[in-house]
Amino acid sequence: MNIQRKRIAVLISGRGSNLASLLRNDLSGDIVLVGSNKADAKGLDIAREAGIDTFALSHKAFASREAFDAALVERLQAANVDLVVLAGFMRILTPVFTDAFAGRLVNIHPSLLPSYPGLDTHERALADGVKLAGCTVHFVTSELDCGPIIAQAAVNVDDDETPDTLAAKVLVQEHQIFPYAVKLFCEGRLQVDGNRVRLRPINR
Ligand code: GRF
């Protein structure tokens, strides 16, 4: 069966190392648009160098989260994207956005969800004395850092670990599982059943 390649938009707010890892890998889909809420996000340069359309839309220009989200939805829908990938996009999204892309919106978070949603994950994990940390790719719902889990990777926490060393270790894993999860989506392999995501067999 010939599955049409998916059109992917990536939203970022910062350096864009996950965007770069997505660009390095075969996703069975094409990143056609990269957007940011910050015009000076380094990741926008990575996208431009790769010849991808970019846009910056400042949340500060909007009176409410909902108004910002509606403008973002409009921009992405105009590009006719099948999948929206949040790769370090540091905005809390309202249902205006999450409903518009329900089932085709994924995020990466630097913790083993459902542990440590939100900010400062590494500091909080170390303060709790965990021995394993990691990262999660998940479908996005209106609840922050929730939603069915597609992939996770774990790392050991060493005795002399700091938030910075842990973030660096986890980031290496992020760059592995994010392209893997996006490819599974593009190949139509993800079957969501409540909170669980199962893999469909490969169509040949
Ligand atoms: C990553 O750690 C990601 O998990 C989190 O934000 C960071 C983004 O890093 N959501 P980068 O911009 O992809 O380098």
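Data block above holds the structure.
Here's a quick rundown of the structure. Remember, it's a predicted structure, so these values are computed and weren't measured experimentally.

Looking only at helices and strands, the protein features 6 helices and 9 strands. In terms of overall dimensions, the protein is globule-like: its C-alpha atoms have a radius of gyration of 17 Å, near the 17 Å expected for 204 residues. Principal-axis analysis of the C-alpha atoms gives the protein an extent of 50 × 45 × 35 Å. When each of the 204 residues of the protein is scored for burial, the buried share is 46%. Of the contacts made within the protein by residues no fewer than 6 positions apart, 58% connect residues no fewer than 24 positions apart. Carbon together with sulfur atoms contributes 49% to the accessible area of the protein, which is approximately 10500 Å² in total.

Another point: the site of the ligand. Neighbouring residues of the ligand: Arg-15, Gly-16, Ser-17, Asn-18, Gly-88, Ile-108, Pro-110 and Glu-174. Contacts to the ligand include Ile-108, whose backbone N or O atom sits 3.1 Å from a nitrogen atom. Looking at the shell around the ligand, its residues break down into 2 nonpolar, 4 polar and 2 charged.

Per the stated rule, a full pass over the model turns up 3 aromatic pairs. Over the face of the ring belonging to Phe-68 we find Arg-91, whose NZ or CZ atom lies 5.8 Å from the ring centre.

At a minimum axis distance of 9 Å, the contact between helix α1 (residues 17–24) and helix α6 (residues 163–186) shows a crossing angle of 50°. As far as their axial angle goes, α6 and α1 are oblique. Here the hand of the crossing between α1 and α6 comes out right-handed. On α6, the residues that touch Ser-17, Asn-18, Ser-21, Leu-22 and Arg-24 of α1 are Leu-171, Glu-174, His-175, Phe-178, Pro-179 and Val-182. Looking at side-chain class alone, the contact of α1 with α6 contains 5 nonpolar, 4 polar and 2 charged residues.

The subject of this paragraph is the layout of surface pockets. Vacant regions in the atomic arrangement are exposed by a probe of water-molecule size rolled over the atoms. When its volume is computed, the largest pocket comes out at roughly 1000 Å³. For the largest pocket, the lining is made up of 38 residues, of which Gly-88, Met-90, Ile-108, Pro-110 and Leu-119 are closest to its centre. Contributing elements (two or more residues each) for the lining of the largest pocket: α1, β5 (105–109), α5 (121–127) and α6. Among the residues making up the lining of the largest pocket, the classes are represented as 15 nonpolar, 14 polar and 9 charged.

Turning to the environment of Val-34, a few remarks are in order. With respect to the secondary-structure elements, Val-34 resides in strand β2 (residues 29–36). Along the chain, Val-34 and Leu-76 lie 42 residues apart, while their C-alpha atoms are 9.5 Å from each other. With residues up to four places along the chain from it excluded, the contact list for Val-34 reads Val-10, Ile-12, Leu-19, Leu-44, Ala-47, Ile-52, Asp-53, Thr-54 and Phe-55.

Scoring rules and cut-offs
Residues numbered from 1 in each chain as written. Predicted model: local features only at pLDDT ≥ 70, side-chain atom pairs only at ≥ 80, totals over all residues. Heavy atoms only, no water. Helix = DSSP H or I, 4+ residues; strand = E, 2+ residues; numbered from the N terminus. Rg over C-alpha atoms; globule rule 2.2 N^0.38 Å. Buried < 20%, exposed > 50% of the residue type's maximum accessible area, 1.4 Å probe, protein only. Contact = heavy atoms within 4.5 Å. Areas by Shrake-Rupley, 256 points an atom, 1.4 Å probe, with all protein chains shown as cover. Near = heavy atom within 4 Å. Polar contact = N/O pair within 3.5 Å; in protein donor to acceptor, adjacent residues only side chain to side chain. Nonpolar A, V, L, I, M, F, W, Y, C, P; charged D, E, K, R; others polar. Phe/Tyr/Trp six-rings, centres within 6.5 Å; stacked < 30°, edge-to-face > 60°. Lys NZ or Arg CZ within 6 Å of the ring centre and 35° of its normal. Axes fitted to C-alpha atoms, helices over the stretch in contact; angles between N-to-C directions. Parallel < 35°, antiparallel > 145°, perpendicular 65-115°, else oblique. Left-handed = near helix turned anticlockwise from the far one by under 90°. 1 Å grid on protein atoms, 1.4 Å probe; cavity = no way out; pocket = protein on both sides within 12 Å on 5 of 7 lines; lining within 4 Å. Points joined across faces, edges and corners; volume = space filled by probe spheres on them.

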